[in-house]
Number of protein chains: 2
Amino acid sequence: MKQDYFSKRVSVRNYSDKIIPESQLTSIIERAMRAPTCGNMQLYSVILTKDLQKKQRLAELHFNQPAATGCDTILTICADFNRFSKWCKASDAEPCYSNFHSFIMAMTDAVIFTQQIVTIAEQEGIGTCYLGTVNYNASEISDLLDLPRLVVPVASLSLGFPASLEAQPERLPVNAIIHKEKYVDYDEKRVTELFKVKDENPENIHFIKENGKKTLAQVFTDIRYPKNTNESVSESFHRLLDNKGFI
Amino acid sequence: MKQDYFSKRVSVRNYSDKIIPESQLTSIIERAMRAPTCGNMQLYSVILTKDLQKKQRLAELHFNQPAATGCDTILTICADFNRFSKWCKASDAEPCYSNFHSFIMAMTDAVIFTQQIVTIAEQEGIGTCYLGTVNYNASEISDLLDLPRLVVPVASLSLGFPASLEAQPERLPVNAIIHKEKYVDYDEKRVTELFKVKDENPENIHFIKENGKKTLAQVFTDIRYPKNTNESVSESFHRLLDNKGFI
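The rules we used
Residues numbered from 1 in each chain as written. Chains lettered and ligands numbered in written order. Predicted model: local features only at pLDDT ≥ 70, side-chain atom pairs only at ≥ 80, totals over all residues. Heavy atoms only, no water. Core = buried A, V, L, I, M, F, W, Y, C linked by side-chain atoms within 4.5 Å. Buried < 20%, exposed > 50% of the residue type's maximum accessible area, 1.4 Å probe, protein only. Contact = heavy atoms within 4.5 Å. Pairing = 2+ DSSP bridges. Helix = DSSP H or I, 4+ residues; strand = E, 2+ residues; numbered from the N terminus. Axes fitted to C-alpha atoms, helices over the stretch in contact; angles between N-to-C directions. Phe/Tyr/Trp six-rings, centres within 6.5 Å; stacked < 30°, edge-to-face > 60°. Lys NZ or Arg CZ within 6 Å of the ring centre and 35° of its normal.

### Digging into the nonpolar core
Item 1. Within the largest apolar cluster, 178 residues are counted, with the highest numbers of intra-cluster contacts made by A:Phe103 and B:Phe103.
Item 2. Contact partners of B:Phe103, with chain neighbours within four places excluded, come to A:Ile104, B:Ala79, B:Val152, B:Val154, B:Phe237, B:Leu241 and B:Phe246.

### A word on the sheet that holds strand S1 (residues 44-49) of chain A
Item 1. Spatially, S3(A)-S4(A)-S2(A)-S1(A)-S5(B) is the arrangement adopted by the five strands of the open sheet, whose pairing is mixed. With one partner strand each, in any of the chains shown, strand S3 (127-130) of chain A together with strand S5 (178-180) of chain B form the two edges of the open sheet. Mean inter-strand twist for the sheet, computed between neighbouring axes without regard to direction, equals 25 degrees.
Item 2. Looking at chain direction, S1(A) and strand S2 (residues 73-80) of chain A are connected through six bridges and run antiparallel. Paired with A:Leu48 across the strands is A:Leu75, a residue of S2(A).

### Looking at the packing of aromatic side chains
Item 1. Counted by the stated rule, this structure contains 32 aromatic pairs over all chains.
Item 2. Between A:Phe84 and B:Phe220 the ring centres are 5.2 Å apart and the planes differ by 80 degrees, which places this aromatic pair in the edge-to-face class. Highlighted residues: A:Phe84 in helix H5 (residues 82-90) and B:Phe220 in helix H11 (residues 216-224), drawn from two different chains.
Item 3. Using a relative accessible area of 3% as the deciding quantity, one classes B:Phe220 as buried.
Item 4. For the ring pair B:Tyr44 and B:Phe113, a centre distance of 4.0 Å and an interplane angle of 10 degrees mean the geometry is stacked. Residue B:Tyr44 is located in strand S1 (residues 44-49), and its partner B:Phe113 is located in helix H6 (residues 100-123); the two are separated by 69 residues in the primary sequence. Each member of the pair, B:Tyr44 as well as B:Phe113, carries the same accessibility label: buried.
Item 5. If you follow B:Lys18 out to its NZ or CZ, it ends over the ring of B:Phe161, 4.1 Å from the centre.

Shown next as structure tokens:
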């Protein structure tokens, strides 16, 4: 594989005290706005959380993971059809974006925009980490940030200059991901072969023992992403989409 | 604004006949797999469509937009909890990802991965364009590509070497997107001010006349993204999520 920034990057969860200048952050966001966007509608907003107290409160809603508590800034990126709809109303047009498809469009826009922020920030030496917990307390995050109707948080990023770098985690082989012309489903033998890189990783083996499990997959299904959590988050997130007028 | 690749990029809809070498495409995808992914689960797959007949059929499902008909390769990027679930089953673990939250996680993963492909490809001189129509015929695309349960297309990209470059479209000013600490809602005066860059763009004014409308917003609400289409796509996409076991 070609060695470049893309092949070498890692997420950063441990930040120094060095402050990200506001002008740099604005410049990153402004360039990220050049990322592709559906119909040039720019269906996203970003809330900057820098204030220490607000950051602590927001970090709590992300279960106080170190990436959230120790970063310079948390960005909450939202699927936003509010601004566009307000413009429609001000322009003698009837907005019609109170539906699920519009949410999916805006979420896609917002995630593309988020990943562009990640790439630009990282190429300028800033560390980033997605806070994958954004959906878990999305309603509480929405209240904390005063999000109106048709605005839903879909990605959270912590940003800061790196204090230390983690080793790159393993990835599946590329042929696990690529399908030529048609999806070729995985049988037991093939999936076992493809996931060997995970199952045989010494760190993962340690992780299995630490959690008292027999296999790495059990750590995922029983501890990290278990059924009851997935189902309750499904319910609360669906309710939020409903409350925000997207369903 | 700093001038760099990110500030200058544009999507490409007009491609030359030059073929993208398969090794280059694989290398791009392999590096894109280093993008952040939820819990290192890599909840995505990518289907490559290069075969002329299949590309024509797939382009039809994207309403024969020129970016689809004239490109070298179409990538269909899917939210995929099938592979991970198969691994769970092969590892004495009970997968529990047949729910809406799991779809949202996998969709986020897939869109991050897609945008990483865009950035890497573009930095190597390949033009890309999102086919924003992926949700419109998602069920037909799913059938064409043999997608199994827990696999749903969420992004489509056309790729090819550029034959010509379009001018950069306008974007909102950066302060339209950024909210500091809390979301500050837009009143009519402010939204009108922020959208001036769109309303006063000569190309957009031409577009309004061409469509027999009074305002640019009406072109969006009445023609490009109208209520009946948004509602029928909402219904069909929701049905697909249901059929694929995500709801």
